[in-house]
Amino acid sequence: MPTSRTGRPPVQRASRRPAVSRPLPENPVQRLYTRARKAWDRPLTAYYLILGGSLLITVLGLVMVYSASQITALQMSLPGSFFFRKQFLAAVIGAVLLLIASRMPVKLHRALAYPILAGAVFLMALVQVPGIGMSVNGNQNWISLGGSFQIQPSEFGKLALVLWASDLLARKQDKKLLTQWKHMLVPLVPVTFLLLGLIMLGGDMGTAIILTAILFGLLWLAGAPTRLFVGVLSIAGLIGMILIKTSPNRMARLACIGATEPRSGGADCWQAVHGIYALASGGIFGSGLGASVEKWGQLPEAHTDFIFAVTGEELGLAGTLSVLALFAALGYAGIRVAGRTEDPFVRYAAGGVTTWITAQAVINIGAVLGLLPIAGVPLPLFSYGGSALLPTMFAVGLLIAFARDDPAARMALSMRQPRFGRKRAGGAVPARGPRRWNTMRRRAPAARSSGER
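Residues numbered from 1 in each chain as written. Predicted model: local features only at pLDDT ≥ 70, side-chain atom pairs only at ≥ 80, totals over all residues. Heavy atoms only, no water.

Draft legend 1. Region of the structure containing the overall build of the protein chain. If you tally the helices and strands in the protein chain, you get 16 helices and five strands. Residue burial in the protein chain is summarised as follows: out of 453 residues, 45% are buried. Summarising the internal contacts of the protein chain: among those between residues at least 6 apart in sequence, 70% fall at separations of at least 24. Summing over all exposed atoms, the protein chain offers an accessible surface of approximately 23500 Å²; the carbon and sulfur share of this is 65%. (Helix = DSSP H or I, 4+ residues; strand = E, 2+ residues; numbered from the N terminus. Buried < 20%, exposed > 50% of the residue type's maximum accessible area, 1.4 Å probe, protein only. Contact = heavy atoms within 4.5 Å. Areas by Shrake-Rupley, 256 points an atom, 1.4 Å probe, with all protein chains shown as cover.)

Draft legend 2. Focus on the nonpolar core. I50, W164, L188, L219, Y348, L379 and F402 are the most contacted members of the largest nonpolar core, which totals 109 residues. When residues of this core are assigned to their parent elements, the largest contribution, 13 residues, is made by helix α14 (residues 344–368). With near-sequence residues (within four places) excluded, F402 lies in contact with V106, V337, F345, V346, A349 and A350. (Core = buried A, V, L, I, M, F, W, Y, C linked by side-chain atoms within 4.5 Å.)

Draft legend 3. Quick peek at the sheet that holds strand β1 (residues 133–136). Taken in spatial order, the three strands make up an open sheet running β1-β2-β3, and their pairing is antiparallel. What marks the edges here is a single partner per strand, and that holds for β1 and β3 (149–151). Within this sheet the neighbouring strands show an average axis-to-axis angle of 55 degrees, counted without direction. Pairing analysis gives four bridges linking β1 to strand β2 (residues 139–146), with the strands arranged antiparallel. Each residue of the ladder has a partner; that of V136, found in β2, is N139. (Pairing = 2+ DSSP bridges. Axes fitted to C-alpha atoms, helices over the stretch in contact; angles between N-to-C directions.)

Draft legend 4. Looking closely at the state of the cysteines. All told, the structure shown has one disulfide when counted by the stated rule. Linked covalently through their sulfurs, C256 and C269 form a disulfide whose S-S length is 2.1 Å. Around the S-S axis, the bridge from C256 to C269 shows a dihedral of about -85 degrees and counts as left-handed. Taken as a pair, C256 in the loop between α11 (248–255) and β4 (263–264) and C269 in the loop between β5 (267–268) and α12 (270–280) lie far apart in primary sequence, 13 residues in all. As far as the burial class goes, C256 and C269 line up, both buried. (Disulfide = S-S within 2.5 Å.)

Draft legend 5. Local environment of the pairing of β2. In sequence, β1 turns back onto β2 through a hairpin of two residues, with N137 there showing a positive phi of about 55 degrees. The pairing of β2 with β3 spans three bridges and is classified as antiparallel. The residue bridging G146 from the neighbouring strand is F149, located in β3. Connecting β2 to the antiparallel partner β3 that follows it, the hairpin turn spans two residues, and G147 within it adopts a positive phi of roughly 70 degrees.

Draft legend 6. Layout of the packing of aromatic side chains. Across all of its chains, the model carries six aromatic pairs by this definition. With centroids separated by 5.1 Å and ring planes inclined at 65 degrees, the aromatic side chains of Y66 and F84 adopt a geometry described as edge-to-face. You can see Y66 sitting in helix α2 (residues 45–75) and its partner F84 sitting in helix α3 (residues 82–103), a full 18 residues away along the chain. Since its relative accessible area comes to 25%, F84 is described here as partly exposed. (Phe/Tyr/Trp six-rings, centres within 6.5 Å; stacked < 30°, edge-to-face > 60°.)

Draft legend 7. Spatial organisation of the pattern of salt bridges. Inspection of the entire model under this criterion finds five salt bridges. Residues K158 and E155 are paired through a salt bridge, measuring 2.9 Å at the closest nitrogen-oxygen approach. With a gap of three residues between them, K158 and E155 both fall in helix α6 (residues 153–174), about one helical turn apart. Accessibility classification places K158 together with E155 in one group, the buried group. When the shortest N-O distance is used, the salt bridge between R410 and D405 registers 3.5 Å. Overall, D405 belongs to the partly exposed group, its relative accessible area being 36%. One network of salt bridges, with partners in common, ties together R110, D167 and R171. (Salt bridge = Lys/Arg side-chain N within 4 Å of Asp/Glu carboxyl O.)

Following this line, the structure appears as structure tokens:
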């Protein structure tokens, strides 16, 4: 054994460990982004976005309806809170419908599709019967319920089309019939045209546009071939142009796009221009709740179709961007629910409801901004109108039910929600792999000729 000069054995020195590189600490921005991304990917994100977003839109809408409708009510020799009380009553009934729809199983929703469609068609036909239907602002689309209460059956036609068409397409997909163009179009397109015809008899072009958007959204989800999709779109566009050309009122609305003067090109653009005035005078944070000037008789329909303009005047750019963000969150959540399910009915229904609410919001806000013609459709969940609020809240309840039905969401809810004061027996739902779809659109194989079986 080798020894040192002192005669002592050499000391065994521990070998040096290689230096381990430590990860650099995340900066606050990266840490916040990581946490936000994890929270965004949680199973209950869509559920909370739909529930919270819809309730916030409804509550803010009630506030703005109260603010925007006071002057109109006083001019009609009514109490200042008249329109607010009616809207609040509709919101309470709508909340009950939302709760019922969110707790109903999918099978019951499918079972109600045909009765709701039959009831909507019957009421829409009843509107055209003299002595029963009534005209409001030139549109024969209302039925009086007595007193100051009225109902617009065409609003329920949107819900009926979504439920019935979703059940129809789901059954045909289960039987692998959607590869044939005739099964994809019949009877979906003829029934939609029946609803559109009943609506157009009353002259309501705005609601007809929403139903057409729902039809195209469902065809896109069903995987319609591009040539078929373009063909139906071309036919609908041609019919729409004919209807616009044959109506001086609709031509005048088209001429008011981007108008900056009340009389633009011979057309009366008073409403469109004063909507822009209201938005322009709001600034960043607005003039304050109740301080709108345009609602004092200058802006027609301030509490219905143009409530977004009053919101911009009183709450400013911050308020309007908040409303847009809530609708964007609601739309994203609906797309997420439709894209992560394996149930065809849930995918079609969630996609149809999302198309309905998003398209209607875009058309309303686009008209207020002067980017689209004034179509006379309310802002969903926000504008005054019980006939529009009730079916929309029921449709939101559908989205909530579908978001709860996701396996991961069911597991998360069962683990955190006590039932009758204690945890649910049995714990979580049996573990299954997460169901994910890369896209919400069903990829259909190449279409076969209509004669093949």
